[in-house]
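# Examining the three-dimensional arrangement
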Amino acid sequence: MVGGGAAGAAVAILLAEGGVSVDLIDIKPDIGALGSGITLQGNALRVLRRLGIWEQLSEQGYAFDTLGLRAPDPNGTLIAELDDIRTGGADLPATLGMYRPDLARIMLTRAEAVGVKVRFGTTYTVLDQDGDGVSVTFADGTAGRYDLVVGADGIRSWTRRTLGIPLETANVGMGIWRAFTARPESVTRTDLYYGGPSYIAGYCPTGADTLYAYLVEDAQDRSTLTPEQSLDVMRGLAQAYHGPWDDIRATLTDPSRINYTWFESHLLDGPWHRGRVVLIGDAAHACPPTLAQGAAQALEDASVLAELLLRESALGDDLWQEFTGRRYERAKAVVEGSLQLCRWLLAHERGDVPGLMGRISHLLMNPA
Ligand SMILES: Cc1cc2nc3c(=O)[nH]c(=O)nc-3n(C[C@H](O)[C@H](O)[C@H](O)COP(=O)(O)OP(=O)(O)OC[C@H]3O[C@@H](n4cnc5c(N)ncnc54)[C@H](O)[C@@H]3O)c2cc1C
């Protein structure tokens, strides 16, 4: 397993539980995950429950079942309260907000507990495959021989490049400010404010005491800003939003908790494997977070791949055809839906946002 993010950790856990010997490497020095919070929708929770970590996640995270739409006016007027569809089934909440490093720690601790050999701070230098297996040379000088290598190494996947697969990652034209901060009592679910100086201003509770808040703007070069300047920009943009945003803005004081990143996207045509190496998660498909589905799709890839590997006795065409059949169109619908929401926002066009969200949610209600 190359990469210990959502995709890699999930497939590693499921395979190890099924009796497969799994090595997982991650180039990061330790478990810490970048960023702040993450919104996990029901279809992601369905996979995470299969990993045997639902209890811990629900203790650490913050569950909710409605989505608020608010106006960018002086009162932050609540325009609508929508019941979120429980895409993971009736016995799981529609949404769970989590602190990303908590999610990463829980998943990788579980991986080690079920026997995955996890190594941080290393990568591979050579992948050499033949009809029987893949010989891997690691950067730390060790080597191994494997039946399958899973490239779950994220949007800039080195494995994708090693396989010689060309794939252009597009800049969507939007950038997002994110802050991880204290949860005021006024925030009990995600509310989205469309319009004002930002395309979207929103927040998601991630635990009893924490949340992440975000503001989406036109993509800009913010790379030269100091952390203090970044904090000033985010606070400045947030001035236009009221209601619970007034309470959140008051907590935005720590420059080290502010992060800025561009929205990017790509979709690799199927199949996602070459011989005995397969790409999953962001390595194969990445979407802007307008539907909050990137990690969910990565987890679904992991779940389907592990199911097929444990069921089939050989890595044959049947397995890969079924994998492509169950994953490609579904991931494509999510990438295209996420991009459509961006296009409407960029064009200041009033698209059928609830219709699109409802269509995707209904698609995702059926297990992958
Ligand atoms: C601003 C933003 C907000 C988002 N919000 C949400 C959200 O709310 N909900 C949601 O579901 N999704 C969200 N996403 C998407 C989500 O973060 C990704 O889809 C998800 O993290 C993909 O998981 P992954 O395991 O495929 O890749 P990653 O999480 O990127 O993990 C890849 C891992 O591979 C490791 N790695 C990389 N290169 C190598 C190498 N050469 N050797 C060894 N290891 C390597 C990395 O260190 C990393 O740990 C968001 C994305 C963005 C940009």
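Let me sum up the structure you'll find in this document. Owing to the predicted nature of the structure, the values given are computational and were not obtained by experimental measurement.

Cut-off values and rules
- One numbering rule holds for all chains: residues counted from 1, following each sequence as written.
- Given that this is a predicted model, residues contribute local features only at a pLDDT of at least 70 and side-chain atom pairs are listed and counted only at 80 or more, while totals for whole chains, interfaces and linings are drawn from all residues.
- Based on all heavy atoms of the structure, the side-chain values leave hydrogens and waters out of the count.
- We count a stretch as a helix when DSSP gives it H or I for four or more residues in a row; a strand needs E for two or more, and each element gets its number in order from the N terminus.
- Only protein chains enter the area calculation, which uses a 1.4 Å probe; residues under 20% of their type maximum are buried, those over 50% are exposed, and those in between are partly exposed.
- By the convention used here, residues are in contact when the closest approach between their heavy atoms is within 4.5 Å.
- Proximity criterion: a residue is near a molecule or strand once any of its heavy atoms comes within 4 Å of it.
- Contacts described as polar in this section are N or O atom pairs within 3.5 Å, which, within protein, must combine one atom able to donate a hydrogen with one able to accept it, while residues neighboring in sequence count only if both atoms come from side chains.
- For accessible areas, the Shrake-Rupley method is used with a probe of radius 1.4 Å. Any residue's cover is judged against the shown protein chains and nothing else.
- Note on terminology: pairs of cysteine sulfur atoms within 2.5 Å are recorded as disulfides.
- Of all possible arcs, the one meant is that of the directions from the helix axis to the C-beta atoms.

## Some remarks on the environment of Gly196
Checked against the element boundaries, Gly196 lands in the loop between β13 (190–194) and β14 (200–205). On the basis of relative accessible area, Gly196 is assigned to the exposed category, the value being 52%. Distance from Gly196 to Trp177, taken between C-alpha atoms, is 15 Å for residues 19 residues apart in sequence. Excluding residues within four positions of it along the chain, Gly196 makes contact with Pro72 and Tyr241.

## Things to note about the site of the ligand
Taken together, 32 residues are adjacent to the ligand, and Asp26, Thr39, Thr123, Asp282 and Ala295 come closest. Backbone polar atom of Ala6 to an oxygen atom of the ligand: 3.2 Å apart, as the coordinates give it. Within the complex, 83% of the 1000 Å² of free accessible area of the ligand lies under protein. Among the secondary structure elements, those contributing two or more residues to the shell around the ligand are α1 (6–17), β1 (23–26), β2 (37–41), β12 (170–182) and α8 (294–311). With 4 residues, α8 is the single largest residue contributor to the shell around the ligand.

## Thoughts on the state of the cysteines
The full count for this structure, using the stated rule, is 0 disulfides. The thiol sulfur of Cys287 is not disulfide-bonded, and the nearest other cysteine sulfur, from Cys342, lies at 9.2 Å. Judged by its relative accessible area of 16%, Cys287 falls in the buried class. Taking the relative accessible area as the measure of exposure, Cys342 reaches 1% and is therefore buried.

## Some remarks on the environment of Ser256
Among the structural elements, Ser256 can be located in the loop between α7 (244–251) and β16 (258–267). Judged by its relative accessible area of 59%, Ser256 falls in the exposed class.

## Observations concerning α7
Of the residues making up α7, those classed as buried are Pro244, Trp245, Ile248 and Arg249. Mapping the buried residues of α7 onto a view down its axis gives an arc of 135 degrees, with all of them on the same face. On the buried face of α7, the contacting elements are β4 (66–70), β12, β13, β14, β15 (210–218) and α6 (227–238).

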